[in-house]
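# Residue-level structure breakdown
If you want the building blocks of each chain, they are given just below.
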Amino acid sequence: MGMEYNFNIRYNVTSDFQIIFRSGYFVAGDALFVLLDSKYGRVMREAFVVFEHRF
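Residues numbered from 1 in each chain as written. Predicted model: local features only at pLDDT ≥ 70, side-chain atom pairs only at ≥ 80, totals over all residues. Heavy atoms only, no water.

## So, the pairing of strand 2 (residues 17–28)
- In terms of strand pairing, strand 1 (residues 2–12) meets strand 2 through 11 bridges, oriented antiparallel. Counted as the bridge partner of G2 is A28 from strand 2.
- In sequence, strand 1 turns back onto strand 2 through a hairpin of 4 residues.
- Sheet topology note: the strand 2/strand 3 (residues 43–53) ladder contains 11 bridges and is antiparallel. (Pairing = 2+ DSSP bridges. Helix = DSSP H or I, 4+ residues; strand = E, 2+ residues; numbered from the N terminus.)

Here it is as structure tokens:
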């Protein structure tokens with residue numbers, strides 16, 4: 001299908017509060033193009049930040 005690379009950072013501000021950054025980078029292989037019947041678009045990217053507080 002392809003290769004995926006993930007990068008995650010977790011920063012503990014306090015014992016109850018965290019900031020989390022997550023990202024992904026997917027490089028499609030030939031099998032994905034056959035499955036989706038597409039010949040364009042080889043890279044998909046995603047990134048997001050999460051603020052987590054525990055009660």
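## Brief notes about the sheet that holds strand 1
- An order of 1-2-3 is seen for the 3 strands of this open sheet, with the pairing classed as antiparallel. Two strands bound the open sheet, and with one partner strand each, they are strand 1 and strand 3. Taking the axes of each pair of neighbouring strands and ignoring which way they run, one obtains an average angle of 10° across the sheet. (Axes fitted to C-alpha atoms, helices over the stretch in contact; angles between N-to-C directions.)

## What about the packing of aromatic side chains?
- Enumeration over the complete set of coordinates arrives at 1 aromatic pair.
- Geometrically, the ring pair formed by F17 and F51 is stacked, given 6.5 Å between the ring centres and 10° between the ring planes. One end of the pair, F17, is in strand 2; the other, F51, is in strand 3, with 34 residues separating them in the sequence.
- The partly exposed category is assigned to F17, whose relative accessible area is 24%. (Phe/Tyr/Trp six-rings, centres within 6.5 Å; stacked < 30°, edge-to-face > 60°. Buried < 20%, exposed > 50% of the residue type's maximum accessible area, 1.4 Å probe, protein only.)

## Things to note about the environment of T14
- Among the secondary structure elements, T14 is positioned in the loop between strand 1 and strand 2.
- Looking at T14, the relative accessible area reads 44%, which means it is partly exposed.
- Residues T14 and H53, 39 residues apart in the sequence, show an inter-C-alpha distance of 9.3 Å.
- Within polar-contact distance, the side chain of T14 engages the backbone nitrogen of F17 at 3.1 Å. (Polar contact = N/O pair within 3.5 Å; in protein donor to acceptor, adjacent residues only side chain to side chain.)

## Re the confidence of the model for the protein
- Per-residue pLDDT for the protein has a mean of 85; in total, 80% of the residues score no lower than 70.
- Of all the helices and strands in the protein, helix 1 (residues 30–36) carries the lowest mean pLDDT, 63, while strand 1 carries the highest, 93. (pLDDT = per-residue confidence, 0-100.)

## Description of the side chain of Q18
- Structurally, Q18 can be placed in strand 2.
- A relative accessible area of 6% places Q18 in the buried class.
- Looking at Q18, its side chain comes within polar contact range of the side chain of R10, at 2.6 Å.

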